[in-house]
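Spelled out from the first residue to the last, the chains are:
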Amino acid sequence: MKEYQTITEVSGPLVFAEVDEPVGYDEIVEIETQQGETLRGQVLESSEGLVSIQVFEGTGGIDRNASVRFLGETMKMPVTEDLLGRVLDGSGNPIDGGPEIVPDKREDIVGAAINPYSREYPEEFIQTGVSAIDGMNTLVRGQKLPIFSSSGQPHNELAMQIARQATVPEEAAEDEATDEPGSDEDGELGEGADDEGSEFAVIFGAMGITAEEANEFMDDFERTGALERSVVFMNLADDPAVERTVTPRMALTTAEYLAFEEGYHVLVILTDMTNYCEALREIGAAREEVPGRRGYPGYMYTDLAQLYERAGRIQGREGSVTQIPILTMPGDDDTHPIPDLTGYITEGQIYVDPALNSQGFKPPINVSPSLSRLMDDGIGEGLTRGDHADVKDQLFAAYAQGKDLRDLVNIVGREALSETDNKYLDFADRFEETFVDQGFDSNRSIDETLEIGWDLLSALPKEQLNRIDEELIAEHYREDIGEQVEATAE
Amino acid sequence: MSQATDTETVREDGIIDSVSGPVVTATDLDARMNDVVYVGDEGLMGEVIEIEGNLTTIQVYEETSGVGPGEPVENTGEPLTVDLGPGMLDSIYDGVQRPLDVLESKMGTPFLDRGVDAPGIDLEATWEFTPTVSEGDELEAGDVIGEVPETESITHRVMVPPDSEGGAVDSIEAGEFTVEETVATLDTGEEIRMRQEWPVREARPAVDKETPTVPLVSGQRIQDGLFPLAKGGTAAIPGPFGSGKTVTQQQLAKWSDADIVVYVGCGERGNEMTEVIEDFPELEDPQTGKPLMSRTCLIANTSNMPVAARESCIYTGITLAEYFRDMGYDVALMADSTSRWAEAMREISSRLEEMPGEEGYPAYLAASLSEFYERAGKFENINGTEGSISVIGAVSPPGGDFSEPVTQNTLRIVKTFWALDSDLAEKRHFPSINWNESYSLYRDQLDPWYRENVAEDYPEVRQWAIDVLDEEDELQEIVQLVGKDALPEDQQLTLEVARYLREAWLQQNAFHDTDTFCSPEKTYRMLQAIRTFSDEAFSALDAGVPVEEISSIDAAPQLNRMGVAEEWEEFIGDLEDDMESQLRELY
Ligand SMILES: Nc1ncnc2c1ncn2[C@@H]1O[C@H](COP(=O)(O)OP(=O)(O)OP(=O)(O)O)[C@@H](O)[C@H]1O
Ligand SMILES: [Mg+2]
């Protein structure tokens, strides 16, 4: 391996060096500073005689005398089932004092695209125990469903709640039948390694979050025993920014290995994608690229897609990769390029809403702009319940109608509204208070969620339920609730 | 250059000088613009996009990690072409027409590897060829010489290539042939095979473009009812993320009465393509009763697949469409999303350090878009048949803002505009096509067809609906200020009628087995039923019945169940009777 001391320029996260042998695009580079520190980087552009290198750990300490080695391969990482239970830094080095990682194999962290022909369409319902998700915006195995939040909102609590509670009910039921009695919560993430029925794993990829936030997650993982089934990659706020472009790729490479080679159902939590995108912008600026919208690189869509599309299922393979990326929307604006491009790639999104949060609703999910695109095939008879789709449609419509009336009622007052309109107003309030506001520690089954839905809908006149099949209304509509409401109104 | 040609080792016609993502430069390469080249030791496929002195710039259709200066570049001397012939339907391609199923088995992994080529159509499969011309017949370019049953629903017409000189048939025979075997020879010595090649960036020739007068019936009420598209027409569906572009495109791919569907997934999600692959073989074409997949060709260059192949996938798609048009078929092409295509152009252009135009897009964005949509139309083909290509392009404007360059340049070209609206989507009003903003410039030229084939007064009934919706729009502004009860009774009733138009007629659930497809007859009858309610209700109002009583009759809410009613003729007939009698009872 040839060593060069030919650095000609250092600029932001970039280093330029002269070479007299061809160097491959994307290859890994080691730079040794005079202080004996070894930094890693990657070839961004390779031309005859000159390469530009992006240094992950920051270019501090690099000068003209630093030596540059080209490793002749693209960035790879060791993967093994033994990664479970380990805590690594943002570049994949263990920071938990544990033993060295003995790789089963080494995988390219960029990962190849899944052939669309080889995919299997995701349609297995994941019960998160959160009504606003399960009932209205259902998550399925292999989906990529981000949380759109903003600073100061409890998105981490929500992510932890999902990680703790996520289970595939059907499987839990099967396991219950075969497993020894006593383990009644199979399939749950928090259950620890002793229940063999389920093969869940959590990969946590932190990018530029504070140590405090990271600790919240770590404490929760430890408290619930989930750590044993987790692999944690930590790039904290004071770690190098450029490293953030590597961290999610490591997390996803690990996830793909565990899912598609070891058969795990992997849930990947990536937080905060906003910090990742800032790192991309920084690199783009250093390269003097023509910037796209708001200074972010023009290729950010493609770059994000190369992360998010690594979720999914593959025909003939056991496991799955489900992604829950978290992003804090700058200015709580979802037209900002980061949420906007994300929304264009992911299969829906869950909105954490500051207004609901300030009213104390937990989790403060605004179901209306939230969406799960894979919901339609993941719910219904045999998956969740036969009435799920209709109930969901009706809840959405009624909630929207109730919210629409809120503006009006501020102007004209309740008396000016018809009886039916007043019922819709009440519906919207009660929907938020009972359906959405369940608390971060409550874990509702899909049955409970749908029953709450029927409770709420039954306060509306029966003929208003035009999204629901008449047979289902006959079966589920609670005449008594309607009467109760009548009575109290009078 | 077609992928049917095999490459083992890469010949050193030129040498790589630099690599930066999908853009590679080479020296000493004697190539023409748009020639296909094989790049590096692995022979990655690429295309020449710029020549400057001794330096040639190439966009590479595969990932370039690890490729470095000094590696060889081979020139094929031919432009990017597709293979045309039997075997294109019921298949799924990447952006340069490599069949993804063949790639899977050649690569031996579900992940896309590099440097693997595969012909666009199976070279070994045999097809049953039946001549439709005889020895001695005089043929010209484009003429049909025989037929092959390609799929259950589609007969493939084998044609003399468009660039042939023509001649008299020397020999032609029925039988089983591979696509590379000669099925006919002409007296000029020309041998005709089932496989043709055609460069994707060049439109296939046609004699003439005609004014389209037949609608592409979509089975979607708002489209067929208010904003119809013509067979041979162009439409754009812009909308923010999650507003329903893909569902709308898929609905058209499923239920429109095109003969052939070319569905181009351009830079979008992998799972959406998988969904089509899984669903379409199970679904029946409402026209033929045959599996939908047997009239469909998919092109999938998803967002995480190489960006250069995303740029080319649009051209690949439209060229396949033109080939079926030449057979005399009505083809519908869906491109989801043209914004990703434009972004691919932008990405390549910025790597070339070209002078950027608006929002960083290359200055030729508008020209590329109009060239593409220009390839749509109703055509008189060179063989005398008539065929059409309808193009429906999704547009994904950043931040949902329609003032951006791709939406604006597209709207300058297309004649049907289905504007998706995030407010409607949030309320789960689907399809969330905004009826105030959308338009179709084909309406008038399609009216005769609707009068003749659906109902003589179709245009009038439609106009009635438009008027009611317009009036509602105006009234809503007042309602937002003073509440509904402050309006005069007749206006309150108008709002009630408009509500049924929106909820019972404009809304259509793509995921409901019955509602997902609505024939034009049903679309018309549903509208008539709402009009019956309106007429009867206003008569009751005139007779002094309070609006409260009118709107609380039992029958009216049943209007919302027309869409899901299977026996709709009976259902609507009964409903009209019920509404009539219940309302007349009130006075
Ligand atoms: N006609 C419809 N009937 C029922 N649901 C619909 C309909 N159209 C859209 N939807 C709902 O809206 C969701 C989003 O639609 P779709 O995926 O088509 O959006 P999109 O505009 O293509 O978004 P993106 O730009 O991100 O790809 C669907 O998953 C579905 O739940
Ligand atoms: Mg879409």
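All chains use their own residue numbering, which begins from 1 and follows the written sequence. The order in which chains are written sets their letters, starting at A; the order in which ligands are written sets their numbers, starting at 1. At least 70 in pLDDT is required for a residue's local features to be given in this predicted model, at least 80 for side-chain atom pairs to be given and counted, and no such filter applies to totals for whole chains, interfaces and linings, which use all residues. Based on all heavy atoms of the structure, the side-chain values leave hydrogens and waters out of the count.

**Focus: the overall build of chain B**
Here is the rule we go by: Secondary structure elements follow DSSP: runs of H or I of four or more residues count as helices, runs of E of two or more count as strands, with numbering from the N terminus. The size measure is the radius of gyration over C-alpha atoms, and the globule rule it meets is 2.2 Å times the number of residues to the 0.38 power. Buried means the residue's accessible area, taken with a 1.4 Å probe over protein chains only, is under 20% of the maximum for its type, while exposed means over 50%, and partly exposed covers the values in between. Whether two residues are in contact is decided by their heavy atoms, any of which lying within 4.5 Å being enough. Exposure was quantified through the Shrake-Rupley algorithm and a 1.4 Å probe, taking into account, for residues, occlusion by the shown protein chains and nothing else.
Looking only at helices and strands, chain B has 15 helices and 26 strands in total. In summary, chain B has a C-alpha radius of gyration of 27 Å against a globular reference of 25 Å for 587 residues, a match within 12%. When its C-alpha atoms are laid out on the principal axes, chain B stretches across 90 × 55 × 40 Å. The burial tally for chain B puts 63% of its 587 residues in the buried class. Partitioning the intrachain contacts of chain B with sequence separation of at least 6 by distance along the chain shows that 71% fall at a separation of at least 24. A total accessible area of about 20600 Å² is found for chain B, and carbon and sulfur atoms account for 44% of it.

**Focus: the sheet that holds strand S19 (residues 320–328) of chain A**
Pairing between the strands of a sheet comes from backbone hydrogen bonds, and it takes one of two forms, parallel or antiparallel. Residue and element names in this part refer to chain A. The criterion, for reference: Here the rule is simple: two strands pair whenever DSSP picks up at least two bridges between them. Working convention: axes come from line fits to C-alpha atoms, limited for helices to the stretch in contact. Angles between N-to-C directions cover 0 to 180 degrees.
Sheet architecture is open: 8 strands sit in the order S9-S16-S15-S17-S19-S14-S20-S21, paired in mixed fashion. Where the open sheet ends on each side, the last strands, each with one partner, are strand S9 (86–89) and strand S21 (365–372). Sheet twist, expressed as the mean angle between neighbouring strand axes with direction ignored, is 15 degrees. Where S9 lies against strand S16 (residues 230–236), 4 bridges are found, and the strand directions are parallel. Looking at the pairing, Val 87 lines up with Val 232 of S16.

**So, a negative patch on the surface**
Residues and elements named next belong to chain B. Heads up, the condition is: Each patch is assembled from residues with relative accessible area greater than 30% and no salt bridge, linking like charges that lie within 9 Å and nonpolar side chains (Val, Leu, Ile, Met, Phe, Trp, Tyr) that lie within 5 Å. For salt bridges, the criterion is a side-chain nitrogen of Lys or Arg within 4 Å of an Asp or Glu carboxyl oxygen. Residues scored as charged are limited to Lys and Arg (positive) and Asp and Glu (negative), so that His and the chain ends carry no count. A single reference atom marks each charge: NZ on Lys, CZ on Arg, CG on Asp, CD on Glu.
On the surface, Asp 467, Asp 470, Glu 471, Asp 473, Glu 474, Glu 477, Asp 485, Glu 489, Asp 490, Asp 542, Glu 548 and Glu 549 cluster together into a negatively charged patch. Sort the elements by how many residues they give to the negative patch and helix H11 (residues 458–482) lands first, with 6 residues. Taking relative accessible area as the criterion, Glu 549 reaches 39% and is therefore assigned partly exposed.

**A few points about the site of ligand 1**
All names here are of chain B. We count it as follows: Think of it this way: one heavy atom of a residue within 4 Å of a molecule or strand is enough to make that residue near it. Think of a polar contact as two N or O atoms within 3.5 Å of one another; within protein, one of them needs to be a possible hydrogen donor and the other a possible acceptor, and neighboring residues in sequence only count if both atoms come from side chains. In this count, Pro and Cys sit with the nonpolar residues alongside Ala, Val, Leu, Ile, Met, Phe, Trp and Tyr, while Asp, Glu, Lys and Arg are called charged and the others, Gly among them, polar.
In the neighbourhood of ligand 1, 21 residues make up the surrounding shell, with Gly 242, Lys 245, Thr 246, Val 247 and Arg 269 lying closest. A distance of 3.0 Å separates a nitrogen atom of ligand 1 from a polar atom in the backbone of Ala 510. When the free accessible area of ligand 1 is taken as 630 Å², the share hidden by the protein chains comes to 94%. Per element, the largest residue contribution to the shell around ligand 1 is 3 residues, and it comes from helix H3 (residues 245–255). In terms of residue class, the shell around ligand 1 is built from 9 nonpolar, 7 polar and 5 charged.

**Section: the environment of A:Arg86**
Residue and element names in this part refer to chain A. With respect to the element layout, Arg 86 can be found in strand S9. Classification of Arg 86 as buried rests on a relative accessible area of 9%. C-alpha of Arg 86 to C-alpha of Gly 36: the two residues are 50 residues apart in sequence and 28 Å apart in space. Dropping the residues within four chain positions of it, Arg 86 is found in contact with Pro 94, Asp 96, Gly 98, Pro 99, Ile 101, Ser 230, Val 231 and Val 232. A distance of 2.8 Å separates the side chain of Arg 86 from the backbone oxygen of Pro 99, its partner in a polar contact.

**Re the packing of H11(B) against helix H12 (residues 489–506) of chain B**
Residue and element names in this part refer to chain B. Rule in force here: Here is the rule for angles: anything less than 35 degrees is roughly parallel, anything more than 145 is roughly antiparallel, 65 through 115 is roughly perpendicular, and the remaining ranges are oblique. Should the near helix be turned anticlockwise from the far one by less than a right angle, the crossing is left-handed, and should it be turned clockwise, the crossing is right-handed.
It is at 9 Å that the axes of H11 and H12 come closest, and there the two elements cross at 120 degrees. One element, H11, and the other, H12, form an angle in the oblique class. Where H11 crosses over H12, the two elements pack in a sense that is left-handed. Residues Trp 464, Ala 465, Val 468, Leu 469, Glu 471, Glu 472, Leu 475, Gln 476 and Val 479 of H11 pack against Gln 491, Thr 494, Leu 495, Val 497, Ala 498, Arg 499, Leu 501, Arg 502 and Leu 506 of H12. In terms of residue class, the contact of H11 with H12 is built from 11 nonpolar, 3 polar and 4 charged.

**Describing the UniProt feature "domain: Rhodanese" (unreviewed entry) in chain B**
We apply this condition: UniProt positions are given in the numbering used here, feature names are shortened, and annotations may be inferred rather than shown by experiment.
Residues given the UniProt feature "domain: Rhodanese" (unreviewed entry) here are residues 321–350 of chain B. Span residues 321–350 of chain B is 63% helix and 23% strand, its end C-alpha atoms 30 Å apart.

**Some details on the UniProt feature "binding site: ATP" (unreviewed entry) in chain B**
The feature "binding site: ATP" (unreviewed entry), as given by UniProt, occupies B:Gly239, B:Pro240, B:Phe241, B:Gly242, B:Ser243, B:Gly244, B:Lys245 and B:Thr246 in the numbering adopted here. Residue classification places B:Gly239 among the buried residues on the basis of a relative accessible area of 0%. If sequence neighbours within four positions are ignored, B:Gly239 has contacts with A:Tyr344, B:Lys245, B:Val395, B:Ser396, B:Pro397, B:Phe402 and B:Leu420. Relative to the helices and strands, B:Pro240 is located in the loop between strand S19 (234–238) and H3. Since its relative accessible area comes to 13%, B:Pro240 is described here as buried.

**Comments concerning the domain arrangement of chain B**
By convention, interface size is frequently given as the accessible area that disappears when the constituent parts associate. All names here are of chain B. Rule in force here: Residue ranges assigned to each domain were obtained from an automatic or database domain assignment. By buried area we mean how much accessible surface two parts lose on assembly, using a 1.4 Å probe and totalling the loss over both.
Structurally, chain B comprises domain 1 (14–79), domain 2 (208–443) and domain 3 (458–584). Computed from C-alpha atoms alone, the centre-to-centre distance between domain 1 and domain 2 is 31 Å. Between domain 1 and domain 2 lies a buried interface of about 880 Å² when both sides are counted; carbon and sulfur atoms form 65% of it. Considering only the surface of domain 1 that becomes buried against domain 2, Pro 22, Gln 59 and Tyr 61 emerge as the three largest contributors, covering 47% of it.

**Here we look at the interface of chain A and chain B**
With 80 residues of chain A at the interface, the matching set in chain B holds 72 residues. When the area that chain A buries against chain B is broken down by residue, the three leading residues are A:Tyr25, A:Tyr117 and A:Tyr344, summing to 13%. Between the two partners, chain A and chain B, sit 2 salt bridges. Of the charged contacts in the structure, one is a salt bridge between B:Lys427 and A:Asp404, with a shortest N-O distance of 3.4 Å. Remark: the boundary between chain A and chain B carries 35 residue pairs in polar contact (both at pLDDT 80 or more).

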